[in-house]
Amino acid sequence: MSSFDEASKGAKMNFAKDKSYGDYLGLDQILTTENPLDMAHDGLLFIIQHQTSELWMKLAIHELTACRKALQAGELRQSFKMLTRVARIFEQLNSAWDVLRTMTPSEYTQFRPHLGASSGFQSYQYRLIEYLLGNRIAALTKLHEHTPEPHAALVAEMQQPSLYQVAIDLLCTRLGEPSLAGSPEPQAWQPKAEVQALWKQVYEDPTTHWELYELAEKLVDLEDYFRRWRFNHVTTVERIIGFKRGTGGTAGVTYLRKMLEVELFPELWHVRGAL
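Residues numbered from 1 in each chain as written. Predicted model: local features only at pLDDT ≥ 70, side-chain atom pairs only at ≥ 80, totals over all residues. Heavy atoms only, no water.

Colleague: I'm lost on the overall build of the chain in this one. Help?
Modeller: In terms of helices and strands, the chain carries 13 helices and zero strands. Counting across all 275 residues of the chain, residues that qualify as buried make up 40%. Long-range contacts, defined as pairs at least 24 residues apart, comprise 72% of the intrachain contacts of the chain with a sequence gap of at least 6. Counting only carbon and sulfur atoms, one obtains 56% of the accessible surface of the chain, whose full area is about 15,100 Å². (Helix = DSSP H or I, 4+ residues; strand = E, 2+ residues; numbered from the N terminus. Buried < 20%, exposed > 50% of the residue type's maximum accessible area, 1.4 Å probe, protein only. Contact = heavy atoms within 4.5 Å. Areas by Shrake-Rupley, 256 points an atom, 1.4 Å probe, with all protein chains shown as cover.)

Colleague: Even after reading the chapter, I still don't get the UniProt feature "binding site: heme" (unreviewed entry) in the chain, so can you show me in this structure?
Modeller: In the numbering used here, UniProt assigns the "binding site: heme" (unreviewed entry) feature to His233. Counting through the fold element by element, His233 comes out in helix α11 (residues 210–241). His233 gets classed as partly exposed once you look at its relative accessible area, which sits at 21%. For His233, the residues in contact, after removing those within four places along its chain, are Trp97 and Leu256. (UniProt positions renumbered as here; feature names shortened; annotations may be inferred.)

Colleague: Help me out: how do you make sense of the pattern of salt bridges in this one?
Modeller: Where charged atoms from two side chains of opposite charge approach closely, those side chains can pair. Applying the stated criterion across every chain, the model contains 14 salt bridges. Between Arg272 and Glu217 there is a salt bridge, with the nearest N and O atoms lying 2.6 Å from each other. Highlighted residues: Arg272 in the segment after α13 (266–270) and Glu217 in helix α11, separated in sequence by 55 residues. When its relative accessible area of 32% is taken as the criterion, Glu217 is described as partly exposed. A network of salt bridges, in which partner residues are shared, links Arg68, Arg136 and Glu157. (Salt bridge = Lys/Arg side-chain N within 4 Å of Asp/Glu carboxyl O.)

Colleague: Hey, could you run me through the side chain of Thr236 in this one?
Modeller: As for its placement among the helices and strands, Thr236 is situated in helix α11. The buried category is assigned to Thr236, whose relative accessible area is 1%. Of note is the side chain of Thr236, whose polar atom sits 2.7 Å from the backbone oxygen of Asn232. Ignoring sequence-local partners within four residues, the contact set of Thr236 consists of Trp97, Leu100 and Arg101. (Polar contact = N/O pair within 3.5 Å; in protein donor to acceptor, adjacent residues only side chain to side chain.)

Colleague: Sorry, what's going on with helix α7 (residues 124–133) here?
Modeller: Residues lying three or four places apart along an α-helix face the same way, a consequence of the helix completing one turn every 3.6 residues. Counting buried positions over the 10 residues of α7 gives nine, a clear majority of the element. Considered for burial, the residues of α7 that qualify are Gln125, Tyr126, Arg127, Leu128, Ile129, Glu130, Tyr131, Leu132 and Leu133. Gly134 lies just past α7 and shows a positive phi near 120°.

Colleague: How should the UniProt feature "binding site: substrate" (unreviewed entry) in the chain be read in this particular structure?
Modeller: Cross-referencing UniProt, the feature "binding site: substrate" (unreviewed entry) maps to Phe46, Ile47, Ile48, Gln49, His50, Tyr108, Arg112 and Thr247 in the present numbering. Counting through the fold element by element, Ile48 comes out in helix α4 (residues 43–72). Exposure remark for Ile48: the relative accessible area of 36% places this residue in the partly exposed category. Residue position: Tyr108 is located in helix α6 (residues 105–109).

Colleague: Just checking my understanding: could you explain the packing of aromatic side chains for this structure?
Modeller: Both the distance between ring centres and the angle between the ring planes are used here to describe each pair of aromatic rings. For the structure shown, the criterion picks out 13 aromatic pairs. With a centroid separation of 5.0 Å and an interplanar angle of 75°, the aromatic rings of Phe90 and Phe226 are classed as edge-to-face. Placement of Phe90 in helix α5 (residues 76–100) and of Phe226 in helix α11 is noted, with a sequence separation of 136 residues between them. Three or more aromatic residues joined by ring pairs form one cluster here, namely Phe90, Trp97, Tyr126, Phe226 and Trp229. Taking NZ or CZ as reference, Arg227 lies 4.2 Å from the ring centre of Trp269, over its face. The ring of Trp269 has Arg272 lying over it, and the distance from NZ or CZ to the ring centre is 5.9 Å. (Phe/Tyr/Trp six-rings, centres within 6.5 Å; stacked < 30°, edge-to-face > 60°. Lys NZ or Arg CZ within 6 Å of the ring centre and 35° of its normal.)

So, in structure tokens, the structure goes:
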């Protein structure tokens, strides 16, 4: 059948009964939400940049949650695919900054007043990703008290072990050691020398501990892309607004630079200097 015949066949379908491409993707809802209040030319760029980022974050949360379950069940091979996918999601998010960086300071100032106190700092999905990975700051949940469901999701997440705690628990089990993962905590993971020593065993004999070795490298790969995303965030903000305060009340670039120092899986980075 020719491409013309295929097209003709598709044109005869009754989409009042059959689900169309737009129906399946919910495009009517998605494509009618970009409505910049100010109607400045670059307002649409700013909105779509952040909306698409939130969609990718939704997928990252989906994958990280499933990955944690897979690790808890000892299904490492399945978890590797999920970790790889999340790393690539952040690679995609990194590329998105390149588009936003085409906006100049002059163009941003045309619609910035209309942002009010809104800020990416208030993204509950971004915060949930941080909590899933282990960077937990309980006080930040207060930013979401006005939205019950997101707030409840963040509180519930802090009652579960982070992805990294689950990985550490698996590490200890496989090496025949008592668990060093600790219980779920509403605070950031603090590095432990004992955990680094166990990862060191894995890196010194990867053939014997191949699955743990691959898990470690998948986690490092994920954090590598995540750190690049943070760095590109900093440089994009500095390029567009300089050192002005952020719209959400943060210190802007100064705050974002501090976030570059955060290590999600510290023992996996520190062990490299001990080998």
